[in-house]
Amino acid sequence: MKKTVLITAILFLQFMNSANSQTIESLIQELPPYFSVLTTWGVRPEWDEKSENIYFLNKLVGDVFKINIATREVSHVTAGFYHGGIHRVLCLSNGDLLLAMGSAIFDAANPEKDRHAGLGLYVLTKDKPNSPYPLNVYCDEGPAVSKNTMKIAWTIEGQREIKAGEINYEKGVPYLKDVETIISYADSSEYVRLETQDFRPPLNEELIYTHYWGDEKDQYYNSQVFGFNLNTKKTTKYTDLPKSYNEAEGIFHDGNYMVIESDRHQPMEERNKYKLDIYKLKLDGSGEVERLADFSTRYLNLIKSDNPVVNNKGNRIAHQFGFQKGAGDGRGIFLFDLDLYEKHKKKTKFKKP
């Protein structure tokens, strides 16, 4: 009995060491053909307005880089100015970039200290790529941008209120106008946290966001995808699976679906532990989902798929190859080809992940 236990332990350690030492290129060989490696480093991908390039950060708080999908050429976008660390990069509909940056002083011992304390929003324009313009507002976590207008939305510090506004330009200088609070739990006794994600195209009448509320001594114990209609003020709950993590991520440009992170496939005792994978969610109120990746179970206790974003043709998803140890933590970016995925399903009649 002792010998069997010892052998099992040795094999498990060998597996763990092997998985940690393997390159992304070697791991991809074990995955279905609709996955491909885009980068072997970097986090938080974001498509540009033409879906020709992907912007990303080199680390959770770092610099912005860009990779061309066709040529795989990588360029350093924010090398021309000093800063204290960039937390988010999003592409506006005109091709300018919206940056969420922390304070000017970088703290290597606590690099994400500003993540919930207030990230300044800046616009980096195409004609002045070395001079980010401040919008003079601060967000908690990442903001939301419209795919076809200059609307943006952001959660303010404390994650209990969401504001929205529109970026305008005066003599080439961006500024915010028509700023208003659209969702507020400021006066509520309910313990909630809000995180903006996307305006729903093509009409931009609805803001998709993640609604967190606490229990079991965890403020993010429950998380579900919600939508708020800016005209009717009606709130729609798009996922309804208690005691599980369901975070809104990238939206399809027809507005009919979006991709989410979820741990619904995990047994109850393993939920809310960053053991996530990406799903396609139908935005019709049915809660219908389709699991697209099985990283968190294929590489048990090691790897997850997260931070998915969809291109403007709806046929490619860029997503992160992440670790199961924290929000947004990853080591590379994959491309998920939806056309190949559908062909593979028909050809092999495979069981969904």
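Residues numbered from 1 in each chain as written. Predicted model: local features only at pLDDT ≥ 70, side-chain atom pairs only at ≥ 80, totals over all residues. Heavy atoms only, no water.

A.B. asks: For the overall build of the chain, give the residues involved together with the corresponding values.
C.D. replies: Along the chain, the regular secondary structure elements total four helices and 24 strands. When burial is assessed residue by residue, the chain has 52% of its 353 residues classed as buried. Pairs at least 24 residues apart make up 47% of the contacts formed inside the chain by residues separated by at least 6 positions. (Helix = DSSP H or I, 4+ residues; strand = E, 2+ residues; numbered from the N terminus. Buried < 20%, exposed > 50% of the residue type's maximum accessible area, 1.4 Å probe, protein only. Contact = heavy atoms within 4.5 Å.)

A.B. asks: Hey, could you go over the environment of C139 for me, with residue numbers and the actual values?
C.D. replies: In this structure, C139 sits in strand β9 (residues 133-139). In sequence terms C139 and T155 are 16 residues apart; their C-alpha atoms lie 5.4 Å from each other. The contacts of C139, once residues within four sequence positions are left out, are A100, G118, L119, L121, W154 and T155.

A.B. asks: Talk me through the pattern of salt bridges; I want residue IDs and the actual numbers.
C.D. replies: One pass over the full model with this rule turns up twelve salt bridges. With its nearest N and O atoms 3.9 Å apart, the salt bridge here joins K273 to E270. With a closest N to O distance of 3.9 Å, K282 and D284 form a salt bridge. You can call D284 partly exposed: its relative accessible area is 46%. If you follow the salt bridges from partner to partner, you end up with E270, K273 and K275 in one network. (Salt bridge = Lys/Arg side-chain N within 4 Å of Asp/Glu carboxyl O.)

A.B. asks: I'd like a rundown of the nonpolar core, residues and numbers included.
C.D. replies: By size, the foremost hydrophobic cluster in this structure holds 22 residues, and its most contacted members are F35, F295, F334 and F336. When near neighbours in sequence (up to four residues on either side) are disregarded, F336 contacts Y34, F35, L292, N315, R316, I317, H319 and Y341. By size, the runner-up hydrophobic cluster in this structure holds 17 residues, among which are L121, V123, C139 and L176. (Core = buried A, V, L, I, M, F, W, Y, C linked by side-chain atoms within 4.5 Å.)

A.B. asks: So what's going on with the sheet that holds β9? Residues and values would help.
C.D. replies: On the basis of which strands lie adjacent, the open sheet formed by four strands has the order β6-β7-β8-β9 and antiparallel pairing. Two strands lie at the open edges of the sheet, namely β6 (86-91) and β9, each paired on one side alone. Ignoring which end each strand starts from, the neighbouring axes of this sheet average 25° apart. Direction of pairing for β6 relative to strand β7 (residues 97-101): antiparallel, over a ladder of five bridges. Considered in β7, the bridge of C91 is made with L97. (Pairing = 2+ DSSP bridges. Axes fitted to C-alpha atoms, helices over the stretch in contact; angles between N-to-C directions.)

A.B. asks: Quick rundown of the confidence of the model for the chain? Include the residues and the values.
C.D. replies: Chain-level pLDDT for the chain is 88 on average; 89% of the residues reach the 70-or-more range. Confidence drops under pLDDT 50 across residues 1-21; counting only partners more than four residues distant or on other chains, this segment forms five contacts. (pLDDT = per-residue confidence, 0-100.)

A.B. asks: Run through the packing of aromatic side chains, naming residues and quoting values.
C.D. replies: In the structure shown here, the tally under the stated rule is 17 aromatic pairs. Ring geometry for W41 and F65: centres 5.2 Å apart, planes at 85°, overall edge-to-face. Placement of W41 in the loop between β1 (35-39) and β2 (43-47) and of F65 in strand β4 (residues 64-68) is noted, with a sequence separation of 24 residues between them. With a relative accessible area of 34%, W41 lands in the partly exposed category. For F65, a relative accessible area of 14% gives the class buried. Summarising the aromatic geometry, the rings of F56 and F65 are spaced 6.1 Å apart at their centres and angled 25° between planes, so their arrangement reads as stacked. The burial state of F56 is the same as that of F65; both residues are buried. In this structure, R264 packs its charged tip against the face of Y279, placed 5.7 Å from the ring centre. (Phe/Tyr/Trp six-rings, centres within 6.5 Å; stacked < 30°, edge-to-face > 60°. Lys NZ or Arg CZ within 6 Å of the ring centre and 35° of its normal.)

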